[in-house]
Amino acid sequence: MSLTLIDVKRIAHLAQLDMGEDQAAIALNQLNVIFALAEQMQTVDTTGIAPLSHPLAGHMGNIALRLREDVVTEPNRRAEYEAVAPMTQDGLYLVPKVIE
């Protein structure tokens, strides 16, 4: 797939970009290079190759992710927050009905 100058100008208009002729020509060249690379990558036979969970998993084996423990670090201030709200009920903030 390759783009034309008209396509680039249309995309720039949709993205609300102010793009002159020179800039559009440069963008056209760069986008066509990217699309050519994508087409080249799609020709590679990946049959029988499992997807990787991490880019380095193929070289480093099983990578352990550094995860923090799921613990509460902040105090529960629900009562303080509800005290300044105009209306609450059962731990929920009540608001006026805006849609019929």
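Look up: the structure comes first, before these words.
Overview of the structure. What you see is a predicted model; the values in this text were computed from it and never measured.

Cut-offs used in this document
- In every chain, residue numbers begin from 1 and rise along the written sequence.
- Two thresholds apply to this predicted model, a pLDDT of at least 70 for residue-level local features and 80 or more for giving and counting side-chain atom pairs, whereas whole-chain, interface and lining totals are computed over all residues.
- Computation of side-chain values: all heavy atoms of the structure, hydrogens and water removed.
- Secondary structure elements are taken from DSSP: a helix is a run of H or I of four residues or more, a strand is a run of E of two residues or more, and numbering for both begins at the N terminus.
- Residue burial is assigned from relative accessible area. The probe radius is 1.4 Å, only protein chains are included, and a residue is buried under 20% of its type maximum, exposed over 50%, and partly exposed in between.
- It only takes one pair of heavy atoms within 4.5 Å for two residues to be counted as in contact.
- Here, a salt bridge means any side-chain nitrogen of Lys or Arg that lies within 4 Å of a carboxyl oxygen of Asp or Glu.

With respect to the helices and strands, the residue Glu82 is situated in helix H4 (residues 78-83). For Glu82, a relative accessible area of 18% puts it in the buried group. Beyond its immediate stretch of four places on either side in the chain, Glu82 contacts Thr88, Gly91, Leu92 and Tyr93.

Moving on to unusual backbone geometry. For Gln16, which is not a glycine, the phi torsion comes out positive at approximately 55 degrees. Its location among the elements puts Gln16 in the loop between helix H1 (5-14) and helix H2 (21-42). Looking at Gln16, the relative accessible area reads 75%, which means it is exposed. Residues other than glycine seldom take positive phi values, yet Asp90 does so here, at roughly 55 degrees. Within the secondary structure, Asp90 sits in the loop between strand S1 (88-89) and strand S2 (92-93).

Next up on the list: the pattern of salt bridges. Inspection of every chain in the model, using the stated rule, returns two salt bridges. Residue Lys9 pairs with Glu21 through a salt bridge whose shortest N-O separation is 2.3 Å. Here the residue Lys9 occupies a position in helix H1, and Glu21 occupies one in helix H2, the gap between them amounting to 12 residues. Owing to a relative accessible area of 36%, Lys9 belongs among the partly exposed residues under this scheme. When the shortest N-O distance is used, the salt bridge between Glu82 and Arg78 registers 3.9 Å. Linking Glu82 with Arg78, this pair stays in helix H4, spanning four residues, or about one helical turn.

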